[in-house]
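Read off the chains here:
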Amino acid sequence: EEAGLARFIFARMLAAVAALLSFTAPLASRPVAQRGAAVSMGEKVLSLDNMGLYSGKAAQKAPVRVLTRIEDLRVLTSLAEAGVLSAAEEAGVFSKLESAGAISQAEKLLPLADKLQVLALAETLINVPAGLLTAAAVALLAGEVGLIAAVPDDSAPLVALQLVSGGVAGLGAVVLLASGALFSALQSTD
């Protein structure tokens, strides 16, 4: 009989606690101006108020710094110390590269890449807008055309200067355009 009474009291207390926890205040007692939660949709962060209205401002989310984090953890140095690439080379994973000993050489350079912060530099370069790289290529070519037009063609050294500067500018423009196309593909949201 005592066990039945204890179950009855426990059930009533549990029901009372559930009723108290499910209570919500009427809307009149809530403050009118209340900051809503930010909702993330893709790359933009949308701010909504308590009525579900969009404020019109969209803030960019901070970029994820994966390569910088890998560098902070010194993963490249850990790979070199663990001898992962050497073990793969000994197992015959890299057939042509292992015959040249390139894997062992690359493994020796990994700590240097950590010290020089190569991954952070690569991450910074990946975040450069692709349009800026294309504009730089066009500006480089325009500057080279101006240089070729301004430098006279009356002597062999000046013609050689035009050829060398044209080759360097052309190569630089091709690299910038290719990088712009690659970065455009990496930065796209599709």
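What counts as what
Counting from 1, residues in each chain are numbered in the order their sequence is written. Thresholds applied to this predicted model are a pLDDT of at least 70 for local features of residues and 80 or more for the giving and counting of side-chain atom pairs; totals over whole chains, interfaces and linings are not thresholded and use all residues. The basis for every side-chain value is the complete set of heavy atoms in the structure, and neither hydrogens nor water enter the calculation. The quantity called pLDDT is the predictor's confidence in a given residue, expressed from 0 to 100. Every helix listed is a DSSP run of H or I at least four residues long, and every strand listed is a run of E at least two residues long, numbered separately from the N terminus. Only protein chains enter the accessibility calculation, which uses a 1.4 Å probe; a residue is then buried when its area is under 20% of its type maximum, exposed when over 50%, and partly exposed in between. Any pair of N or O atoms that falls within 3.5 Å is considered a polar contact. Within protein, one atom must be able to donate a hydrogen and the other to accept it, and sequence-neighbouring residues count only if both atoms are side-chain atoms. Every residue pair with non-hydrogen atoms within 4.5 Å of one another is taken to be in contact. Here the arc refers to the set of directions running from the helix axis out to each C-beta atom.

K.L.:
Explanation requested: the confidence of the model for the protein in the structure shown.
P.N.:
Should pLDDT be low for a region, the predicted coordinates there are not to be read in detail. Mean pLDDT over the protein works out to 75, with 69% of the residues at or above the 70 mark. Per-element averaging of pLDDT across the protein places strand β1 (residues 38-41) at the bottom with 48 and helix α8 (residues 130-150) at the top with 92.

K.L.:
Just checking my understanding: could you explain the side chain of Thr77 for this structure?
P.N.:
With respect to the helices, strands and loops of the structure, Thr77 is situated in helix α3 (residues 75-82). Judged by relative accessible area, Thr77 falls into the buried class, the value being 10%. A distance of 2.4 Å separates a polar atom in the side chain of Thr77 from a polar atom in the side chain of Asp114. Beyond its immediate stretch of four places on either side in the chain, Thr77 contacts Pro111 and Asp114.

K.L.:
Quick question: what am I supposed to make of α3 here?
P.N.:
Three or four residues apart is the spacing at which side chains of an α-helix point the same way, because the helix has 3.6 residues per turn. Listed as buried for α3 are Leu76, Thr77 and Ala80. Relative to the axis of α3, the buried residues are bounded by an arc of 100° and lie together on one face. The inward-facing, buried residues of α3 contact α6 (102-115) and α7 (118-126). Trailing α3 by a residue or two, Gly83 shows a phi angle of about 70°, which is positive.

K.L.:
Can you help me understand the side chain of Gln162 in this one?
P.N.:
Within the secondary structure layout, Gln162 lies in helix α9 (residues 156-187). Assessed through its relative accessible area of 10%, Gln162 is described here as buried. Dropping the residues within four chain positions of it, Gln162 is found in contact with Glu144, Ile148, Val151, Pro152 and Asp153.

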